[in-house]
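Summary of the model geometry
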Amino acid sequence: MLSLGFSTVGFIKVLAPADVEKNDAHKTKRTQAKNSREIISIESKKNQADAVYEKVNSAIVTVYGVKELGSGMIVRTDGLVLTNKHVVENSAFPTVKTASGEVYEAEVIDFDLRYDLAIVRLNTKATAPTVLPTVILANTLRLQPGDRVYAIGSPGGKAGTMTTGTFLRTTEQGSLQLSSGLLSPGNSGGPLLNANGEVVGINKGVLEDDTGIATSVIAIKELLTRYDAIRDRPKK
């Protein structure tokens, strides 16, 4: 008769081969499910970025000042462009190139020093009458820390470049602080966009810690409202 010996080691579960295979299969399924979710998430973000780009890029321009090369966005179909004041510094008549390659002479017609904004009007009279594509300004600023944002402009002189990042916070001065790496020289004057492709701000610079800074769409609307009021004022 065989003697049965019982060890006193703790409760260690020894898996039979079939159990091992089942456990490995479950692990594989969980890994595949996780990878699938990650792939879907990446594809979803890419699809969203592509949709934003297609919606907005045609209304983004490159602005050539005396000393600066920056970006801008068409806000009116007749050729009204918004950019940064520092982009057109000492340049009353900058040159503007659209996403489709047309080059226009332009004129700075209004600005806001506090928020580093400038309104530029394209001289479209020299060309055949045309209706230019425009960006859509967000009705309200609804950004939460961590929200994904997009910037389109001419960083490094490369027109039509889009970068993605996240919104960090609204500063005490009312500016929008953005994740590092989102903005580079050349993005100044271009739009900051939400996931719907709406303009929530205008990019204006990079801080010492490499985070970006933008002016809120609220200030943009205030400037445009003031411009419209002056333009529509009856002439004496």
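Residues numbered from 1 in each chain as written. Predicted model: local features only at pLDDT ≥ 70, side-chain atom pairs only at ≥ 80, totals over all residues. Heavy atoms only, no water.

As for the sheet that holds strand β10 (residues 191–193)
Counted only if it meets this: One requirement defines pairing of two strands: DSSP has to find at least two bridges between them. Under the scheme used here, helices are H or I runs from DSSP no shorter than 4 residues and strands are E runs no shorter than 2 residues, and both carry numbers assigned from the N terminus. Helix axes are fitted to C-alpha atoms over the stretch in contact, other axes to C-alpha atoms as well, and angles between N-to-C directions run from 0 to 180 degrees.
Read once around its circumference, the closed barrel built from six strands follows the order β7-β8-β9-β12-β11-β10, with strand pairing classed as antiparallel. Sheet twist, expressed as the mean angle between neighbouring strand axes with direction ignored, is 45 degrees. Strand direction decides the pairing type here: strand β8 (residues 161–170) and strand β9 (residues 176–178), joined by three bridges, are antiparallel. Bridge assignment links Thr170 to a residue of β9, and that residue is Leu176.

Let's talk about the environment of Val149
Heads up, the condition is: Here's how the labels work: a residue is buried when its accessible area is under 20% of the maximum for its type, exposed when over 50%, partly exposed in between, all with a 1.4 Å probe on protein chains only. Note on definitions: a residue-residue contact is assigned when non-hydrogen atoms from the two residues lie within 4.5 Å.
Among the structural elements, Val149 can be located in strand β7 (residues 148–153). With a relative accessible area of 0%, Val149 lands in the buried category. Taking the C-alpha atoms as reference points, Val149 and Leu193, 44 residues apart in sequence, are found 5.6 Å from one another. Not counting residues within four places of it along the chain, the set of residues in contact with Val149 comprises Leu143, Thr163, Thr164, Gly165, Thr166, Phe167, Leu178, Leu182, Leu192 and Leu193.

Considering the pattern of salt bridges
What counts, and what does not: Counted as salt bridges are all cases of a side-chain nitrogen of Lys or Arg within 4 Å of a carboxyl oxygen of Asp or Glu.
For the structure shown, the criterion picks out five salt bridges. Among the ionic pairs, Asp50 bridges to Lys46, the shortest N-O distance being 3.1 Å. In this pair, Asp50 and Lys46 are both assigned in helix α1 (residues 17–56), four residues apart and thus about one turn of the helix distant.

As for helix α2 (residues 217–231)
Note: α-helices contain 3.6 residues per turn, so residues at a spacing of three or four share the same orientation. Let me state the cut-off plainly: What a helix should span is 1.5 Å times the count of its residues minus one. As used in this structure description, the phrase polar contact means that two N or O atoms lie within 3.5 Å; if the pair is within protein, one of them must be able to donate a hydrogen and the other to accept it, and residues adjacent in sequence are counted only when both atoms belong to side chains.
Between its first and last C-alpha, α2 extends 21 Å over 15 residues, near the 21 Å set by a 1.5 Å rise per residue. Every buried residue of α2 is listed here: Val217, Ala219, Ile220, Leu223, Leu224, Tyr227 and Asp228. The secondary structure elements touched by the buried residues of α2 are β2 (69–76), β3 (80–84), β5 (103–112), β6 (117–122), β11 (199–206) and β12 (212–216). Capping of α2 at its N-terminal end is provided by Ser216; its side-chain oxygen lies 3.1 Å from the backbone amide nitrogen of Ile218.

A word on the environment of Asp116
As for its placement among the helices and strands, Asp116 is situated in the loop between β5 and β6. Note on Asp116: relative accessible area 16%, which makes it buried. The spatial distance from the C-alpha of Asp116 to the C-alpha of Lys85 is 4.9 Å, given a sequence separation of 31 residues. Aside from chain neighbours lying at most four places away, what touches Asp116 is Thr83, Asn84, Lys85, His86 and Lys204.

Some thoughts on the confidence of the model for the protein
Selection criterion: The score called pLDDT rates the predictor's confidence residue by residue, from a low of 0 to a high of 100.
Taken residue by residue, the protein gives an average pLDDT of 84. The fraction at 70 or more is 78%. Mean pLDDT across the elements of the protein bottoms out in α1 (61) and peaks in β10 (98). In the model, residues 1–22 has pLDDT below 50 throughout and makes one contact with residues more than four positions away in sequence or in other chains. Across residues 24–29, where pLDDT falls below 50, the model places zero contacts with residues more than four positions away in sequence or in other chains.

Brief notes about the packing of aromatic side chains
Filter applied, for reference: Pairing of aromatic rings covers Phe, Tyr and Trp, the last through its six-membered ring, and needs centres within 6.5 Å; plane angles under 30 degrees mean stacked, over 60 mean edge-to-face, and all others mean tilted. Charge-over-ring contacts are defined here by two conditions on Lys NZ or Arg CZ: a distance within 6 Å of the ring centre and an angle within 35 degrees of the ring normal.
Using the criterion set out here, one finds zero aromatic pairs in the structure. In this structure, Lys85 is placed above the aromatic ring of Phe111, and the distance from its NZ or CZ to the ring centre is 5.0 Å.

Digging into the sheet that holds β2
The six strands lie next to each other as β1-β2-β3-β6-β5-β4, forming a closed barrel whose pairing is antiparallel. Going across the sheet, the axis of each strand differs from the next one's by a mean of 40 degrees, ignoring polarity. When β5 meets β6, the two strands line up antiparallel, connected through six bridges. From the neighbouring strand, Ala106 faces β6, where its bridge partner is Leu122.

Details of the layout of surface pockets
Spelled out, the test is: A pocket here means an open set of points on a 1 Å grid, computed over the protein atoms alone, that has protein on both sides within 12 Å along at least five of seven lines. A cavity is instead a set of points where a 1.4 Å probe fits but cannot get out; residues with an atom within 4 Å of a point line either one. Grid points are joined across faces, edges and corners, and a volume is the space filled by probe spheres set on the points. Residues were grouped as follows: Ala, Val, Leu, Ile, Met, Phe, Trp, Tyr, Cys and Pro as nonpolar; Asp, Glu, Lys and Arg as charged; and all remaining residues, including Gly, as polar.
Considering only enclosed or pocket space, the largest pocket measures out at about 220 Å³ in volume. Lining the largest pocket, in full, are Arg76, Asp78, Leu80, Glu107, Arg121, Leu122, Asn123, Thr124, Lys125, Tyr227 and Arg231. Along the lines of polarity and charge, the residues of the lining of the largest pocket split into three nonpolar, two polar and six charged.

Quick notes on the nonpolar core
Counted only if it meets this: Residues belong to one nonpolar core when they are buried, are Ala, Val, Leu, Ile, Met, Phe, Trp, Tyr or Cys, and are joined through side-chain atoms within 4.5 Å.
Met73, Leu82, Val135 and Ile220 are the most contacted members of the largest nonpolar core, which totals 25 residues. If you list the elements that add at least two residues to this core, you get α1, β2, β3, β6, β7, β11 and α2. For this core, the element with the most residues is α2, which contributes six residues. Every residue in contact with Leu82, bar those within four places of it in the chain, is listed here: Gly72, Met73, Val75, Ala118, Ile119, Gly189, Ile202, Ile220 and Leu223. One finds Ile74, Val96, Tyr104 and Val108 within the second-largest nonpolar core, a separate group that totals 14 residues.

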